[in-house]
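Summary of structural features
Read off the chains here:
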Amino acid sequence: MNNKVFGIVIGALIVFFVASNTLFIIKETERGVMLKFGKVVNADIPPGLHFKIPMVNEVRKFDSRVLTLDVRPQRFLTVEKKVMIVDSYAKWRIKDVSTYYTATNGEEVTAVRNMDQRINEGLRNAFGDHSLQEVISGERDQLMVTLTEKLNKLTLQRYGIELIDVRIKRIDLPEQVSESVFNRMNTEREREAREHRSKGKEQAEVIRADADRQRTILEAEAYRDAEQLRGEGDAKAAAIYAAAYTQDPEFYSFVRSLTAYRESFKNKSDMMLVDPDSDFFRYLKDSSGQAAGN
């Protein structure tokens, strides 16, 4: 009985040893190559369960997910020879497993070192053809897209690596350059402010002149209308006076004299020097309007 159990255990161990050296699994997040005595015989093993010949075949597995490369900050010169310190990163993944293994011997450290060098060279060349203003402005996005496309062709061909994206995390300027940029930006903003103030004053003068013109027109039209109404009123008053005069000239003369008396004597502080025998007092002397003694 003991010999039988021992035999079963030995058999199970042998089966386990053979299976562990014969069967292997490629996960969905992995890429693999099969080697035969160091040479690639299967360049891209799909995910799943596979077989290999022990002691003959060797399987190398690599992460197929998108990885991040944090590029070391570097000092670059712009086209104006301005120094800037650029901190960037890149997104990449293995595209061609056979080329990747051949170029890097399957070592991610080697792949990262090669990409780091290529990205820095690409950034140096790209920034060297552009001004500092272009690098720190909205044109930088298009610059990174162009650089990514160019580097991706190189890394895919040489290392089997797809370079998905290259981005700038931060751009620092040396203190003297930062001060120069600040002064230039300050000067530019002051110039824009002067232009806006000048345009504002010009528009204000135009608006003010238009308002003065409209005011003059309105005053002239109002004066014209007032004079027209006043003339019409005077004409109607004259017509009324004329009609009243033709009906009873003596009564009309009497009313006019009373109005003159009221306007002349309404203020007690006024003083008048008038001949008592003048026609002005004719109705004060005789209500009939006839001068005394006539």
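Data block above holds the structure.
Everything numeric in this text was worked out from a predicted model, so none of it was measured. Every chain is numbered on its own, with residues counted from 1 as its sequence reads. Local features are withheld for residues below a pLDDT of 70 in this predicted model, meaning they are given only at 70 or higher, and side-chain atom pairs are given and counted only at 80 or more; totals for whole chains, interfaces and linings count all residues. The basis for every side-chain value is the complete set of non-hydrogen atoms in the structure, without hydrogens or water.

**Regarding the pattern of salt bridges**
- Salt-bridge detection follows one rule: a side-chain nitrogen of Lys or Arg within 4 Å of a carboxyl oxygen of Asp or Glu. A complete count under the given rule lists 15 salt bridges for this structure.
- The partner of R167 in a salt bridge is D165, with the nearest N and O atoms 3.0 Å apart.
- Linking R213 and D210 is a salt bridge whose minimum nitrogen-to-oxygen distance equals 2.6 Å. Taken together, the residues R213 and D210, both in helix α6 (residues 175–247) and three residues apart, mark about one turn of the helix. Per the convention used, a helix needs a DSSP run of H or I reaching at least four residues, while a strand needs a run of E reaching at least two, with both numbered from the N terminus.

**Structural notes on the environment of Q133**
- Looking at the element boundaries, Q133 is found in helix α4 (residues 132–136).
- Residue burial is assigned from relative accessible area. The probe radius is 1.4 Å, only protein chains are included, and a residue is buried under 20% of its type maximum, exposed over 50%, and partly exposed in between. The class of Q133 is partly exposed, set by a relative accessible area of 47%.
- Sequence separation between Q133 and T78 is 55 residues, and the spatial gap between their C-alpha atoms is 9.5 Å.

**Focus on the sheet that holds strand β3 (residues 39–45)**
- With antiparallel pairing, the three strands of this open sheet are ordered in space as β3-β2-β5. The outermost strands of the open sheet, each flanked by one partner alone, are β3 and β5 (57–63). Each strand axis lies, on average, 25° off the axis of its neighbour in the sheet, ignoring direction.
- When DSSP locates at least two bridges between a pair of strands, those strands are taken to pair. For strand β2 (residues 30–36) and β5, the ladder comprises seven bridges, and the chain directions are antiparallel. For helices, the axis comes from a line fit to the C-alpha atoms of the stretch in contact; other axes are also lines fit to C-alpha atoms, and the angle between any two N-to-C directions lies between 0 and 180 degrees.

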